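Remarks on the overall topology
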Amino acid sequence: MKRVLSALLLGAGLLTACRAPSGETGDLTTRVLFTANGSYDAQADQRGKVPGTAGLRRVEWRSRPPLAAQAVTVEYDGEQRPKGWQMTVQRPEFSAADLAGQQAQAVQTAQGAGTLVRGGPLAGVLLLTGGAAGSGDLRLLTRGYAVQHHPELLPAFAFGP
């Protein structure tokens, strides 16, 4: 009986920890994934199609970004969002190293130095830093997004998990 009760309590604890994004208990990686996959879209300042593209959509948060940053923008393929997205984080209060952790692989891309996450929930995501005038912006993108919109970045994914 104690084992059953312990298992139920553990399960309830896991469900609480992984619960929807309304709470502030999620770690950074979890919040990034929730943001990329649409859990915070209802709180966005702007949502809509990207002009001049076929099926590309954009969500922007400026007044209340879901991550510790000045602003967050996610672009994604409307039909394959979990596999094909790009996130731009303006002036984040965290670094690429915070996201990649010990699973980081330094890579050189056509757009400069980057980090490929080799393990964990963000495995296969490419992290690029920089932005306009060294602003410290952080850009994350999946291989699926690169295939469609930035094929020059594909060699960086060859080191993947």
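Residues numbered from 1 in each chain as written. Predicted model: local features only at pLDDT ≥ 70, side-chain atom pairs only at ≥ 80, totals over all residues. Heavy atoms only, no water.

With phi around 50 degrees, R91 is a residue other than glycine that occupies positive phi space. Mapped onto the elements, R91 comes out in the loop between strand 4 (85-90) and helix 3 (96-100). When its relative accessible area of 53% is taken as the criterion, R91 is described as exposed. (Helix = DSSP H or I, 4+ residues; strand = E, 2+ residues; numbered from the N terminus. Buried < 20%, exposed > 50% of the residue type's maximum accessible area, 1.4 Å probe, protein only.)

Once that is clear, we can look at the packing of aromatic side chains. When we look at a pair of aromatic rings, we describe it by the centre distance and by the angle of the planes. Scanning the entire structure with this criterion turns up one aromatic pair. Plain terms: the ring middles of F34 and Y40 are 6.3 Å apart, the flat faces sit at 85 degrees to each other, and that makes the pair edge-to-face. (Phe/Tyr/Trp six-rings, centres within 6.5 Å; stacked < 30°, edge-to-face > 60°.)

On to the pairing of strand 1 (residues 46-49). Judged from the four bridges that link them, strand 1 and strand 2 (residues 56-61) form a sheet pairing that is antiparallel. The residue bridging G48 from the neighbouring strand is R58, located in strand 2. Where strand 1 hands over to strand 2, the hairpin turn is made up of six residues, of which G52 adopts a positive phi near 80 degrees. (Pairing = 2+ DSSP bridges.)

Let us look at the pattern of salt bridges. Enumeration according to the criterion identifies three salt bridges in this entry. Residues E60 and R62 are paired through a salt bridge, measuring 3.7 Å at the closest nitrogen-oxygen approach. For E60, a relative accessible area of 14% translates into the label buried. (Salt bridge = Lys/Arg side-chain N within 4 Å of Asp/Glu carboxyl O.)

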